[in-house]
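# Chain and residue survey
These are the residues of each chain, in order.
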Amino acid sequence: MLTEVIATRYVTPLREGGSLPGIVEADDLGTYVMKFTGAGQGRKTLVAEVICGRLGQRLGLRVPRLVQMQLDPVIGLGEPDQEVQELLKASGGLNLGMDYLPGSIGFDPLAYQVDPVEAGRVVWFDALINNVDRSWRNPNMLVWHGDVWLIDHGATMIWHHNWPTAQSAAAKPYNASDHVLAPFGPDIAAAAEALAPLVTRELLTEVAADVPDEWLVDEPGFDSTDALRRAYVDALLTRAATVHERISMQAQAKAPSKPPGWLTDHLPEWPHKTKKKSDS
Ligand SMILES: Nc1ncnc2c1ncn2[C@@H]1O[C@H](COP(=O)(O)OP(=O)(O)O)[C@@H](O)[C@H]1O
Ligand SMILES: [Mg+2]
């Protein structure tokens, strides 16, 4: 189970993506990015955040710490924005929190370099969870203290929107041509060799156990939340063994054109290097 905290103050909305998460303070004196159960994308988005976020952490990737957060919508009464008010009202009770990384900035493939081993691990992980939300248009990666952090795993595991087709969907290929790290020559083979053996039934079962029951109940076709948890485990376990063989990437990975030299020539190092795993 994830640690549970109680939201004490709604600070401000984050408008960059589509789901309107908010910065929220909690009774443990932490500051979190809160993802709301009442958001239009529904509770499966939060299930995906927990399963993929915890899995990423267990594989040694940098994903901010996750908590479950209790929300009393009364804390948003002073919030002037009608849209935020509605969202808070629809989200009383259990929501998801992610450690807020203060001072982080969005990853830009022109400003930062990632080494091929790191890039390979992220691309392999995204292929495993079938993440369609890590393109150069919408990287969902933050740079914080020189490290790359992965956020926003809500749009993953497409198969959980149609369980009867889950086995065949999990066998599908992953096109990484648009992946934000495709231009860095990701070493997929090294990533598969290092990470695939770690994705065991035991590990996936532990990760699935972190999803609160109330986000899993009443799923059509499943008579218990544990049966549904096993379906997540089975889909990811099957995929982990061979997904590296099905990752495609066009030779000319698309990336936006470089900024003009007069913008960057005076900088001491450009693009900036992010830390390798071995640096930390
Ligand atoms: N843990 C975090 N620390 C700092 N900023 C964050 C964090 N999580 C999200 N953000 C910011 O909020 C934006 C929206 O969050 P994200 O999880 O991508 O939600 P969505 O795209 O579903 O709206 C991100 O693009 C990022 O700028
Ligand atoms: Mg996003």
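Keep in mind that this is a model prediction, so the values were computed, not measured.

## Considering the overall build of the protein
What the protein contains, in helices and strands, is eight helices and twelve strands. Relative to the compact-globule value of 19 Å for 280 residues, the protein shows a C-alpha radius of gyration of 19 Å, a close match. Principal-axis analysis of the C-alpha atoms places the extent of the protein at approximately 50 × 45 × 30 Å. Looking at the protein as a whole, 36% of its 280 residues are labelled buried. Across the protein, contacts joining residues at least 24 apart in sequence account for 75% of those joining residues at least 6 apart.

## With respect to the UniProt feature "domain: HipA-like kinase" (unreviewed entry) in the protein
Under the UniProt annotation, "domain: HipA-like kinase" (unreviewed entry) lies at residues 13-241. Summarising residues 13-241: 34% helix, 17% strand, and an end-to-end C-alpha distance of 40 Å.

## A short note on the domain arrangement of the protein
Taken domain by domain, the protein consists of domain 1 (4-99) and domain 2 (105-248). A straight line from the C-alpha centre of domain 1 to that of domain 2 covers 21 Å. Residue-level contacts link 26 residues of domain 1 with 28 residues of domain 2. Counting only elements with at least two residues in the side of domain 1 that touches domain 2, the list comes to α1 (43-58) and β5 (93-99). The class makeup of the residues in the side of domain 1 that touches domain 2 is 13 nonpolar, seven polar and six charged.

## A look at the sheet that holds strand β3 (residues 31-35)
One closed barrel accounts for five strands, arranged β1-β2-β3-β5-β4; its pairing is mixed. The sheet shows a mean angle of 55 degrees between the axes of neighbouring strands, taken without regard to direction. The pairing of strand β4 (residues 66-71) with β5 spans six bridges and is classified as antiparallel. Following the sheet pairing, Leu66 is matched in β5 by Met98.

## What about the packing of helix α6 (residues 201-209) against helix α7 (residues 225-242)?
It is at 9 Å that the axes of α6 and α7 come closest, and there the two elements cross at 140 degrees. With respect to α7, the element α6 is oriented oblique. α6 and α7 meet at a crossing whose hand is right-handed. Residues Arg201, Leu204, Thr205, Ala208 and Ala209 of α6 form the contact with α7, whose own contacting residues are Arg229, Tyr232, Val233, Leu236 and Leu237. Here the residues of the contact of α6 with α7 sort into seven nonpolar, one polar and two charged.

## Digging into the site of ligand 1
Ligand 1 sits among 19 residues. The nearest are Leu14, Gly17, Ser19, Leu101 and Asp152. Partitioned by chemical class, the residues of the shell around ligand 1 number nine nonpolar, seven polar and three charged. For the shell around ligand 1, the two domains that each supply at least three residues are domain 1 (4-99) and domain 2 (105-248).

## Focus: the sheet that holds strand β6 (residues 105-106)
The strand order β6-β8-β9 describes an open sheet built from three strands, whose pairing is antiparallel. Every other strand in the sheet has two partners, leaving β6 and β9 (147-150) as the edge strands with one partner each. With four bridges joining them, strand β8 (residues 141-144) and β9 adopt antiparallel strand pairing. Within β9, the residue paired with Met141 across the bridge is Leu150.

## Points about the pairing of β4
Sheet topology note: the strand β1 (residues 4-13)/β4 ladder contains three bridges and is parallel. When the sheet's bridge partners are listed, Glu4 is paired in β4 with Gln68.

## Quick word on the nonpolar core
One finds Ile51 and Val123 to be the most contacted residues of the largest nonpolar core, which totals 66 residues. With eight residues, helix α3 (residues 116-129) is the single largest residue contributor to this core. Split by domain, this core shows at least three residues from each of two domains, domain 1 (4-99) and domain 2 (105-248).

Parameters and conventions
Residues numbered from 1 in each chain as written. Chains lettered and ligands numbered in written order. Predicted model: local features only at pLDDT ≥ 70, side-chain atom pairs only at ≥ 80, totals over all residues. Helix = DSSP H or I, 4+ residues; strand = E, 2+ residues; numbered from the N terminus. Rg over C-alpha atoms; globule rule 2.2 N^0.38 Å. Buried ≥ 20, exposed ≤ 12 C-beta atoms within 10 Å, placed from the backbone. Contact = placed C-beta atoms within 7 Å. UniProt positions renumbered as here; feature names shortened; annotations may be inferred. Domains from an automatic or database assignment. Nonpolar A, V, L, I, M, F, W, Y, C, P; charged D, E, K, R; others polar. Pairing = 2+ DSSP bridges. Axes fitted to C-alpha atoms, helices over the stretch in contact; angles between N-to-C directions. Parallel < 35°, antiparallel > 145°, perpendicular 65-115°, else oblique. Left-handed = near helix turned anticlockwise from the far one by under 90°. Near = placed C-beta within 6 Å. Core = buried A, V, L, I, M, F, W, Y, C linked by C-beta atoms within 7 Å.

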